[in-house]
Amino acid sequence: MIRPVVTGLSVLAIALAAEAVAQERGTLNPQPLPPLADPADPNTPAKELFARKPEPVHLAARAIGNYVHGCLAGAVALPINGKTWQVMRVSRNRNWGHPDLIRFLERMANKVPRVGWPGLLVGDLAQPRGGPMLTGHTSHQIGLDADIWLTPMPDHALSRKEREEMSATNVVAADRTEVDPMVWTPAHVAVIRAAAEDPAVERIFVNAAIKKALCRDPGSNPAWLHKVRPWWHHDYHFHVRIHCPAGNPDCHGQPPPPPDDGCGKELDWWFTDAVVHRRRAAPQARAALSAKAADQADRSAAGLPAGARGAVTKTGPLCWPAIDFPSGM
Ligand SMILES: [Zn+2]
């Protein structure tokens, strides 16, 4: 049985802790997790159950729940090599997604060489059955979120070791208020824009310094900017989230981002002293900043739109099959 895993404020707390883990290296020698003493124990955290499912459940593709609380049936894997993409940290087995997400990534990978970006290095998508993860990420639970490195794809097939151990490029300057001019290029703008202009894309999360750079130089027709939302971390990858797929009634999306470009007051807030130096703040002040950030981000990065809590409790029973059905069913 799955208990509601996360609620309101704990979502925020986890969101803050999560991204730092994502840059961690993988391993060349992945080991299966030790079996649980009593998997039927209702107090077993859902993340322990989901992490032990190496295969998807073979049902019709369905995203169930919301971005930060749910699961995925009928996941498909993004092949680890495409002509214009390569999957990183393969040992994590997180290159699974709803077929809509896989189609989007293939479409985008096809398109980016035309805008000056040689190909995509793809980070975490979702686990084979979605759900919460043991490390990193609050969202990525229903197969509709993808992390894409801000490092252009090299011109050779990466070795297994490179995929596990290579570091992504941090594009944010040391003072955290600007992108690093030695690293940031027009092609970075172009690749994020290419994602934002895809109609499947719901929103994109980037570091505030990146959003600032995009606002400065959005190119012709800046209508795409409103989908790009500032959020903590996200300085070496950007996070793309697609809409709930058609015909997936159990998928609960979130309110659309505000229609304006998000380059005004809202963005300025991210560069106030308190926010830039929040690590130095007392825990209570830090928590207040996090709550304000979630509010600024239209409660979105946490993915729990007001009123969605009821839907969250429904997620449990709907996700049981994703956990309990043997793969092959
Ligand atoms: Zn992400």
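With that out of the way, let us pick up the overall build of the protein. When its secondary structure is counted, the protein shows ten helices and eleven strands. Classification of the 329 residues of the protein by burial places 42% in the buried group. Long-range contacts, defined as pairs at least 24 residues apart, comprise 78% of the intrachain contacts of the protein with a sequence gap of at least 6.

Moving on, we come to unusual backbone geometry. Phi is positive for Asn221, close to 50°, though the residue is something other than glycine. Using a count of 9 C-beta atoms within 10 Å as the deciding quantity, one classes Asn221 as exposed.

Let's shift gears to the pairing of strand β2 (residues 69-73). Most of β2 is tucked away, with five of its five residues classed as buried. Pairing analysis gives five bridges linking strand β1 (residues 62-66) to β2, with the strands arranged antiparallel. Counterpart to Arg62 in the pairing with β2 is Ala73.

Time to look at helix α6 (residues 208-216). Of the positions making up α6, those classed as buried are Ala208, Ala209, Ile210, Lys211, Ala213 and Leu214. Of the surrounding elements, those touching the buried residues of α6 are α5 (186-196), β9 (201-206), β10 (228-230) and α7 (265-269).

The next point concerns the environment of Thr177. Following the sequence through the fold, Thr177 ends up in the loop between α4 (160-165) and α5. Taking the C-alpha atoms as reference points, Thr177 and Asn207, separated by 30 residues in sequence, lie 9.6 Å from one another. Aside from chain neighbours lying at most four places away, what touches Thr177 is Ala209, Phe271 and Val276.

Attention now moves to α5. Most of α5 sits inside the fold, with eight of its eleven residues counted as buried. When α5 is considered as a whole, its buried residues turn out to be His188, Val189, Val191, Ile192, Arg193, Ala194, Ala195 and Ala196. Next to the buried residues of α5 lie α3 (99-111), β9, α6, β10 and β11 (237-242).

Moving on, we come to the pairing of β1. Among the five residues that make up β1, five are buried, leaving the element largely enclosed by the rest of the structure. Following β1, the chain reverses through two residues before pairing antiparallel with β2.

Attention now moves to the nonpolar core. Formed by 65 residues in total, the largest nonpolar core has its most connected members in Leu105, Leu120, Val122, Ile192 and Ile204. Among residues more than four places away in sequence, those in contact with Ile192 are Ile204, Val206, Leu214, Val228 and Phe238.

In this section: the environment of Asn110. Its place among the elements puts Asn110 in helix α3. The sequence separation of Asn110 and Leu120 amounts to ten residues, and the corresponding C-alpha distance is 9.4 Å.

Overall, the prediction assigns the protein a mean pLDDT of 83, with 83% of residues at 70 or greater. Confidence over residues 325-329 falls short of pLDDT 50; this stretch has eight contacts with residues more than four positions distant or in other chains.

Conventions used here
- Residues numbered from 1 in each chain as written.
- Predicted model: local features only at pLDDT ≥ 70, side-chain atom pairs only at ≥ 80, totals over all residues.
- Helix = DSSP H or I, 4+ residues; strand = E, 2+ residues; numbered from the N terminus.
- Buried ≥ 20, exposed ≤ 12 C-beta atoms within 10 Å, placed from the backbone.
- Contact = placed C-beta atoms within 7 Å.
- Pairing = 2+ DSSP bridges.
- Core = buried A, V, L, I, M, F, W, Y, C linked by C-beta atoms within 7 Å.
- pLDDT = per-residue confidence, 0-100.

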